[in-house]
Amino acid sequence: MSAGFEKRKKLAYVARRYYLEDRKQSDIARELGVSRPLVSRMLSEARELGIVEITVHEPGTRAARMLDRLRAASSVRGGILVEDGADNDATNRLLSQGAVELLHQLGARRLGVGWGYLIGQLVTWLQENPQPSSAVTDICPLVGNASIPARNYQSNENVRLMAQQLGAVPHFLYLPALPEGLEEKQILCSTEVYRRILQQWEALDTALVNIGDYPSSPDFASLVRYGGLLQRQRACGRMLIYYFNETGTVIQSEQDFAIQIPIDVLKRCPNIIGVCSANTSAKALGGALKSGFFTHIVARQDLVRGLLEQ
C-alpha cells in the first residue's frame, strides 16, 4: 500500500474526528501524539486535497426550501435539517447539535424534555459542549422514569445533566412512567409531587419531544395499556409514550396508565420541537406532522426529502 494512500487515510481520520464527531483539535492532537498546530495543518491539507468539502447552506438552499414546503403543508413553523454523517452515531451528534441550536434560536426559557435515544445522545453532546450562556432557566421531564436501566429513559437524570450544562434549574418528576395500573396512576396523580410537576408543565414555553417508530423498543407495556387498539387504528409512530397513526390521530385508551404530560397540556405549549433520530422512519414523521402538535422539527434532510416526495 502506498505512502500516499496511508497519508490520505490519516487525513480523512483527522477530518472525521473534527468535522463529524466534534472533537477539539487539542483532543485529536493528544490522541495522535502530535501538536495541535500539526492537526490544524492536516485539516487544511484535507480540504486542499478534496478529502473534505465544506458546503455553506445560505437561505434559499435545499434545507430552507424543504422547510418552506413543510410550513406550507403542516403546523411546522421552522426547524433544523442536517445532512447525514458518516454513520448513525455521527448523524445523531449532528441532530443533537441542531436541537441545541434550535433551542438557542427560539430563546427557550422553560423547557420540558422527553426521552428516547436521541435525547440521550443530546445529553452526551451537551456534556462535551456545555452551553452555560443558554437562555434556559428551568427544565423538567415530560414523562416519568422508566424501570429499565437504559440511560436514554432515565428522565430525571437526563434533566439533571442537561440543567447542569445549560446553567438551568432542574425540576424532577419522582414518579414512574409506568405504574402498576390505572388505580395506582390515579393515586399517584393525586399527590403533591404530581401537582408540582403539572404546574411546571403548564408554564412551559418549549417542549423537546422525541418522534419514534411503532413498534418501538422498549415496548412500554403497550399491549396492557391499549390491548389491540394500536393495531386496529394502525399506529405508526410514538411521541413520548403516546402513539399515533398515519393520519396524525393520537390513539387514546381508557386503560392507559402511563404518567406523562397530558396531551391537552402539551398541545398548549407555544413551541413543540419534534426531534427525529437517524433511524426515525418517514411514516412516523409523516404521522407526527399530521397530528398538528409540532411547531418545529429537527431531522435528517434525506428523511424530510423522502417524506415530501411520497
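Residues numbered from 1 in each chain as written. Predicted model: local features only at pLDDT ≥ 70, side-chain atom pairs only at ≥ 80, totals over all residues. Heavy atoms only, no water.

A few points about the packing of helix α4 (residues 62-73) against helix α14 (residues 301-308)
Right, on to step 1. Closest axis-to-axis distance for the α4/α14 pair is 11 Å, and the angle between their directions is 45°. Of the possible angle classes, the one that applies to α4 and α14 is oblique. Note on packing geometry: the crossing formed by α4 with α14 is left-handed. Contacts between α4 and α14 involve Arg62, Ala63, Met66, Arg69 and Leu70 from the former and Gln301, Val304, Arg305 and Leu308 from the latter.
Right, on to step 2. When grouped by side-chain class, the residues that make up the contact of α4 with α14 number five nonpolar, one polar and three charged. (Axes fitted to C-alpha atoms, helices over the stretch in contact; angles between N-to-C directions. Helix = DSSP H or I, 4+ residues; strand = E, 2+ residues; numbered from the N terminus. Parallel < 35°, antiparallel > 145°, perpendicular 65-115°, else oblique. Left-handed = near helix turned anticlockwise from the far one by under 90°. Contact = heavy atoms within 4.5 Å. Nonpolar A, V, L, I, M, F, W, Y, C, P; charged D, E, K, R; others polar.)

A look at the environment of glycine 274
Right, on to step 1. Take glycine 274: it is sitting in strand β8 (residues 271-276).
Right, on to step 2. Along the chain, glycine 274 and alanine 207 lie 67 residues apart, while their C-alpha atoms are 8.5 Å from each other.
Right, on to step 3. Discounting chain neighbours no more than four positions away, the residues touching glycine 274 are Val209, Ile211, Phe294, His296, Ile297 and Val298.

Structural notes on the pairing of strand β2 (residues 110-113)
Right, on to step 1. For β2 and strand β3 (residues 138-141), the ladder comprises four bridges, and the chain directions are parallel. When the sheet's bridge partners are listed, arginine 110 is paired in β3 with aspartate 138.
Right, on to step 2. In this view, the connection linking β2 to its parallel neighbour β3 by way of helix α6 (residues 117-128) has right-handed handedness.
Right, on to step 3. Examined bridge by bridge, β2 and strand β5 (residues 206-213) share three bridges and lie parallel to one another. Counted as the bridge partner of glycine 112 is alanine 207 from β5. (Pairing = 2+ DSSP bridges. Right-handed = clockwise from strand over helix to strand, strands pointing away.)

Some thoughts on the environment of asparagine 210
Right, on to step 1. Tracing the chain through its elements places asparagine 210 in strand β5.
Right, on to step 2. By relative accessible area, which is 6% here, asparagine 210 ends up buried.
Right, on to step 3. On a C-alpha basis, the gap between asparagine 210 and histidine 296 in space is 12 Å, while along the polypeptide they are 86 residues apart.
Right, on to step 4. Among the polar contacts listed, one links the side chain of asparagine 210 to the backbone nitrogen of tryptophan 115, at a separation of 3.5 Å. (Buried < 20%, exposed > 50% of the residue type's maximum accessible area, 1.4 Å probe, protein only. Polar contact = N/O pair within 3.5 Å; in protein donor to acceptor, adjacent residues only side chain to side chain.)

Describing the packing of helix α2 (residues 25-32) against helix α3 (residues 36-48)
Right, on to step 1. Relative orientation of the contacting elements α2 and α3 amounts to 105°, with a least axis distance of 8 Å. The angle between α2 and α3 places the two elements in the roughly perpendicular class. Of the residues in α3, those touching α2 at Gln25, Ser26, Ile28 and Ala29 are Arg36, Val39, Ser40 and Leu43.
Right, on to step 2. For the contact of α2 with α3, a count of residues per class yields four nonpolar, three polar and one charged.

Here we look at the nonpolar core
Right, on to step 1. Formed by 44 residues in total, the largest nonpolar core has its most connected members in Trp201, Val209, Met239 and Val304.
Right, on to step 2. When sequence neighbours within four positions are dropped, the list of residues in contact with valine 209 reads Leu142, Met239, Leu240, Leu266, Ile272, Ile273, Gly274, Val275 and Phe294.
Right, on to step 3. Of all hydrophobic cores here, the second largest spans 29 residues; its members include Val82, Leu94, Leu95 and Val298. (Core = buried A, V, L, I, M, F, W, Y, C linked by side-chain atoms within 4.5 Å.)

Comments concerning the pattern of salt bridges
Two side chains carrying opposite charge are able to pair once their charged atoms lie near each other.
Right, on to step 1. Summed over all chains, the structure comprises 17 salt bridges.
Right, on to step 2. With its nearest N and O atoms 3.7 Å apart, the salt bridge here joins glutamate 128 to arginine 23. In this pair, glutamate 128 sits in helix α6 while arginine 23 sits in the loop between α1 (3-20) and α2, placing the two residues 105 residues apart along the sequence.
Right, on to step 3. Across the salt bridge formed by aspartate 264 and arginine 268, the nearest N and O atoms sit 3.9 Å from each other.
Right, on to step 4. Arginine 268 gets classed as exposed once you look at its relative accessible area, which sits at 55%. (Salt bridge = Lys/Arg side-chain N within 4 Å of Asp/Glu carboxyl O.)

Let's talk about the packing of aromatic side chains
Right, on to step 1. Per the counting criterion, the structure on display carries eight aromatic pairs.
Right, on to step 2. Aromatic pair phenylalanine 172 and tyrosine 174: ring centres 5.9 Å apart, planes at 55°, arrangement tilted.
Right, on to step 3. Judged by relative accessible area, phenylalanine 172 falls into the partly exposed class, the value being 25%.
Right, on to step 4. For the ring pair tyrosine 226 and tyrosine 243, a centre distance of 5.7 Å and an interplane angle of 85° mean the geometry is edge-to-face. Within this pair, whereas tyrosine 226 is found in helix α10 (residues 222-226), its partner tyrosine 243 is found in strand β7 (residues 242-245), the two being separated by 17 residues in sequence. Neither tyrosine 226 nor tyrosine 243 differs from the other in exposure class; each is buried.
Right, on to step 5. A connected cluster of aromatic rings, assembled from ring pairs, spans Trp115, Tyr153 and Phe220. (Phe/Tyr/Trp six-rings, centres within 6.5 Å; stacked < 30°, edge-to-face > 60°.)

Regarding the side chain of arginine 300
Right, on to step 1. For arginine 300, the position within the fold is in strand β9 (residues 296-300).
Right, on to step 2. Excluding residues within four positions of it along the chain, arginine 300 makes contact with Val82, Asp84, Thr91, Leu95, Ser277 and Ala278.

Let's talk about α6
Right, on to step 1. Given a rise of 1.5 Å per residue, twelve residues ought to cover 16 Å, and the 17 Å separating the end C-alpha atoms of α6 matches this to within 8%.
Right, on to step 2. Those residues of α6 that fall on the buried side of the exposure criterion are Leu118, Ile119, Gly120, Gln121, Leu122, Val123, Trp125 and Leu126. (Expected span 1.5 Å × (residues − 1).)

Purely geometric numbers; function is a separate question.
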